[in-house]
Amino acid sequence: MSDSRDPSDIPFPDDEREPGSDDDTPLPDGLNFHRLPPADEDLPEDTREDIPADLTDDRVFDDRPISQRASARQAPPGDGGVNAAWLDGLNPQQREAVLSTEGPLLVLAGAGTGKTRVLTTRVAHILAQRRAWPSQMLVVTFTNKAAREMRERTLALIGPEGEGLRWFGTFHSVSAQILRRHAELAKLKSGFTVLDTDDQLRLIKQILEAEGIDQKRWTPRYLASLIDGWKNRAIWPEKLPPEEGRQFAEGKGVKLYQLYQNRLATLNAVDFGDLLLHTIRIFTEHPEVLAEYHAKFKYILVDEYQDTNVAQYLWLRLLAQGSNNICCVGDDDQSIYGWRGAEVDNILRFEKDFPGAKVIRLEQNYRSTAHILAAASHVIAQNTSRLGKTLRTDAGEGDLVKVRGVWDGEQEARLICDDITSWKQSNRRYAECAVLVRASWQMRAFEERFIVTGTPYRVIGGPRFFERQEIRDALAYLRLIRSEADDLAFERVCNTPKRGIGDTTIQKAYVAARELNTYLTRATDMMIRGDEIRGPAKTGLRRFLIDMERWRTQAGDTEHPRLLEIILEESGYTDMLQADKSPQAQSRLDNLKELVRAMGQFGTLNEFLEHVELVMDNAEGSNSHDQVQILTLHSAKGLEWPMVFLPGWEEEVFPSRRSLDEQGAKGLEEERRLAYVGITRARERAYISFAANRQIYGRWTSVLPSRFVDELPAQHVDAVSETGYVAPSGGFYGSEVKSQWDRPSSTAAREDSAVFDNTSAGRASPLSPLKGGTAGGSGSGGGFRGGYDSPGWRRAQEASATRGATRPPDIEGRAFRSGDSDGRPLQRGKTPGDMLASSDPAASSGLQPGQRIFHEKFGYGRVTEIDGAKLTVAFDKAGVKKVVESFVKRV
DNA sequence: TTCTTCACGCTTTTT
DNA sequence: GCGTGAAGAA
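Residues numbered from 1 in each chain as written. Chains lettered and ligands numbered in written order. Predicted model: local features only at pLDDT ≥ 70, side-chain atom pairs only at ≥ 80, totals over all residues. Heavy atoms only, no water.

Colleague: Explain the overall build of chain A to me, using residue names and the numbers behind them.
Modeller: Each helix and strand counted, chain A has 36 helices and 24 strands in total. The buried share of chain A, reckoned over its 891 residues, is 54%. In chain A, 72% of the contacts between residues at least 6 apart in sequence involve partners at least 24 apart. Entry remark: accessible area of chain A is about 38000 Å², with carbon and sulfur atoms responsible for 50%. (Helix = DSSP H or I, 4+ residues; strand = E, 2+ residues; numbered from the N terminus. Buried < 20%, exposed > 50% of the residue type's maximum accessible area, 1.4 Å probe, protein only. Contact = heavy atoms within 4.5 Å. Areas by Shrake-Rupley, 256 points an atom, 1.4 Å probe, with all protein chains shown as cover.)

Shown next as structure tokens:
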């Protein structure tokens, strides 16, 4: 049995020989597998010393703990044929997708059609059939999370034998693995650093500064996004079309791009885009290297193919030229990352790109009820550039998709929160509910409401663990210990905590470093020996260099988690945070503790840093709590909930105005796909809502319902309006409105009442858009951003005109009303500012003077005075008294 | 060097 | 309306 070892335990490239090579001992099932190659010279010393002498030679190549080795050496499950148990639960299309192992294959997997199941079963099937060793499978995804989950699910099918699935990761992590092996071909050393966005930005800033470019007119961020875009399209500086370069600083774009690349090279660093770019270049310029990988990868599987950019496409195509066994799984209708370079075209063109490709559609949906699926399908059907699918479900009709017109974001949040409360009261869980927003500013209204009502919630997304300031600072210290030449790390921490080293000193250091052709650590060392600098800067710098040197020495004989603790202690970083009384400081300290703990899981400091540079994972994983989830539509992809809320379906919010302005029709289609993604997240219930007025960037803005509301199919929708206004055309304005409010007889009566009274008859007939409110410009708070002559406003006017609609009631309309829909009396005010008072925490949460509160920014305090929307609060921190309008939480 | 003041611009997010 | 980031003042 020892011959059935998976060669994947042996470091590449020695494991590329395939099953069936002629010099092999026959296996029990008659297939030929090759013998192991001789001992590998490249293996790190410590791994070898680890091996007990009595083990047979095959274990020499296994660097896993001994406990895991025995199981890994068993033969794969299955008999080389088809594992019936795996296939039993699959529908015919899924089965075909699993079994069509040879040649290019595109699996068009609609939302909720069991895409991951097909992918994992396919991998397991190929392994069980012994068509390839685990190490000969290349499986690429976009996120580390997806890779991890998919790997786990595959292992659950095939067992520990699949542990050799080493080429199972993101485009970037696989590229990094490849690039480390051939770094010299890209003029890099194999220990190169991978810069993240922040480093990238600082580098660009330095270059702009050096080139004397006005950074107000030409922001580093803009150049970074251009460079990113070029890299997404696999364009090197020398290949950059001149007109592209002209987009930045009067034609200096190309030069700056080149300078940036040069700078990366001298730093022995790459950015994320480079990982793919260098790999592609190596493949094209060194056919022998590409051939190695051709021989290696028998099967290639790609997840979320619709999200690939040009570089990723080229990368895949180069690799797929070998075996031609490439299987891409994706859904053109869920391509929502165009703005970061994804090309829907890649998936639309698949059959052309890979001649002889087979296309299999997965159309059986296992997630949503019929109404939900129908609504989503109807909306997405309005897109023109799509391959087209017809989703089916056996889940039954279920509830209609509920569409709600509301007055403003505050009411929207309140109604949604009420729905969630009754859901919870009917013995369901908070965690089964999700609020999906287009932009993160929309989250605030929900958080405020959830805090007031005590509804547990969790915001998903936000700054990731490794991108937080304190974590990046700590990592910079460690990077500087690893390599004293890491100038970016040096600059980041030399004055954190404050050591009196300011911009001037840093500038001097850079000049000196350039003159001496060395890095900052050495340049500053020279400087403090001379008298170019003096005073606090000199003392601070000297202290910093001495500290660094000491830690570097200690690094040799200290456990690396302990080393970080020492650094944080001795540098004064911990003291700095402890002295900081702001509420974030405590969580920063906690994060650092978490970092120290996480480091313990890695053998060496280097290992840890390598991991961190690529795997920027969100370290918060507390799924155990029963909490409502708040997240953006983008981060909702791949997830699902029984109850899904889709608020803010208003023109210019969703579809996003910028998307339309910048991308036109293409942008609109992408926004519509986002709508499709949103609706299809729901298993049982979907609630869509749009407001008449919304506060955007602190300004009251009159908004129109999203065109996507109009596109919803009437027969699958239950439309209710709190405002007396329902989307004026198409959709549920059509003939067969399946809503209890479709009673033409009462239309006339409501024409007058609806605007001012939404308590009883405030639900309009979808057949008859209501008059009322005032046309556009009359309201003080009305108007689109940019005024009534802005493109946005004109567009909205045109849209209204085509749809024969009147404007929704203005904010004034509401001010005259006597009561709100849920019985809470309105404030007397007439202006939006006064309206704000009604949603103000002081009013709605019943705060009293003397009450203890917690403020997001200022921390704990005590209310001293309440005046309308304004709270005067004495904060514990240094006894500051502040007038607070933004949200406070009662303690 | 650090504190204050004004201007700007403001999706979506991974690696 | 708010936070960031760059320029000016102490």
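Colleague: Can you tell me about the protein's contact with DNA strand B, naming the residues and giving the values?
Modeller: Around DNA strand B, the structure places 32 residues, and the nearest of them are R438, S440, R464, G502 and Y697. Within the side chain of T505, an N or O atom sits 2.8 Å from a phosphate oxygen of DNA strand B. Note that a phosphate oxygen of DNA strand B is positioned 3.1 Å from one of the side-chain N or O atoms of R658. Put simply, the parts of the chain that give the surface near DNA strand B at least two residues each are α22 (503-516), α29 (633-636) and α30 (657-680). (Near = heavy atom within 4 Å. Polar contact = N/O pair within 3.5 Å; in protein donor to acceptor, adjacent residues only side chain to side chain.)

Colleague: Give a detailed account of the sheet that holds strand β8 (residues 358-362), specifying residues and quantitative values.
Modeller: Read across the sheet, six strands follow the order β3-β2-β6-β7-β1-β8 without closing on themselves; strand pairing throughout is parallel. The open sheet has two edge strands with one neighbour each: β3 (168-170) and β8. The average undirected angle you get between the axes of adjacent strands in this sheet is 15°. Its contacts with the sheet put helix α4 (residues 92-99) on β1 (105-109) and β8, and the angle it makes with β8 is roughly 145°. (Pairing = 2+ DSSP bridges. Axes fitted to C-alpha atoms, helices over the stretch in contact; angles between N-to-C directions.)

Colleague: So what's going on with helix α23 (residues 520-529)? Residues and values would help.
Modeller: Turning to α23, its buried residues number three or more, namely L520, T521, A523, T524, M527 and I528. Along α23, the residues classed as buried sweep out an arc of 165° about the axis, all on the same side. Along its buried surface, α23 packs onto α20 (469-482), α21 (487-493), α22 and α24 (535-557). (Arc of directions from axis to C-beta.)

Colleague: Summarise the pattern of salt bridges; cite the residues concerned and give the values.
Modeller: Taken as a whole and assessed by the stated rule, the structure comprises 52 salt bridges. For K115, the salt bridge goes to D303, with nearest N and O atoms at 3.3 Å. Separated by 188 residues along the polypeptide, K115 in helix α5 (residues 115-128) and D303 in the loop between β6 (299-302) and α14 (310-320) bring together distant segments of the chain. For the pair K115 and D303, a shared accessibility class is recorded, and that class is buried. K255 is paired through a salt bridge with E211; the nearest N and O atoms lie 2.8 Å apart. Of the two residues, K255 sits in helix α11 (residues 253-266) while E211 sits in the loop between α8 (197-210) and α9 (220-232), which places them 44 residues apart along the sequence. Take K255: its relative accessible area is 47%, and that puts it in the partly exposed class. The exposure class assigned to E211 is partly exposed, which follows from its relative accessible area of 25%. (Salt bridge = Lys/Arg side-chain N within 4 Å of Asp/Glu carboxyl O.)

Colleague: I'd like a rundown of unusual backbone geometry, residues and numbers included.
Modeller: Residue P497 follows T496 across a cis peptide bond; omega there is -5°. In this fold, P497 is placed in the loop between α21 and α22. You will see that N427, though not glycine, has its phi angle at about 70°, which is positive. Mapped onto the fold, N427 is located in the loop between α18 (409-425) and β12 (433-437). Among the residues examined, N427 registers a relative accessible area of 72% and is labelled exposed. Even without being glycine, E652 reaches a positive phi, approximately 80°.

Colleague: Give me the pairing of strand β17 (residues 693-696): which residues, what numbers.
Modeller: In the sheet, β17 pairs with strand β18 (residues 699-702) via four bridges, with the strands oriented antiparallel. Within β18, the residue paired with N693 across the bridge is S702. The turn joining β17 and β18, which pair antiparallel and follow one another in sequence, is formed by two residues; a positive phi near 50° is taken by Y697.

Colleague: Provide a residue-level description of the environment of M443, including the pertinent values.
Modeller: With respect to the secondary-structure elements, M443 resides in helix α19 (residues 443-453). Counting along the chain gives 159 residues from M443 to T284, while the straight-line C-alpha distance between them is 46 Å. Contact partners of M443, with chain neighbours within four places excluded, come to V437, V459, I460, I630, L631 and T632.

Colleague: So what's going on with the packing of aromatic side chains? Residues and values would help.
Modeller: Two numbers describe a pair of aromatic rings. These are the distance of the centres and the angle of the planes. This structure, assessed with the given rule, holds 20 aromatic pairs. Taken together, a centroid distance of 5.9 Å and an interplanar angle of 85° make the contact between Y477 and W551 edge-to-face. A residue pair is termed long-range when its members are at least 10 positions apart, and Y477 in helix α20 and W551 in helix α24 qualify at 74 residues. Per residue, the accessibility class of Y477 equals that of W551, and both read buried. Feature note: the residues W167, F283, Y293 and F297 constitute an aromatic cluster, connected by ring pairs. Residue placement shows R217 over the ring face of W218; its charged tip is 4.2 Å from the ring centre. (Phe/Tyr/Trp six-rings, centres within 6.5 Å; stacked < 30°, edge-to-face > 60°. Lys NZ or Arg CZ within 6 Å of the ring centre and 35° of its normal.)

The values are spatial; any link to function lies outside them.
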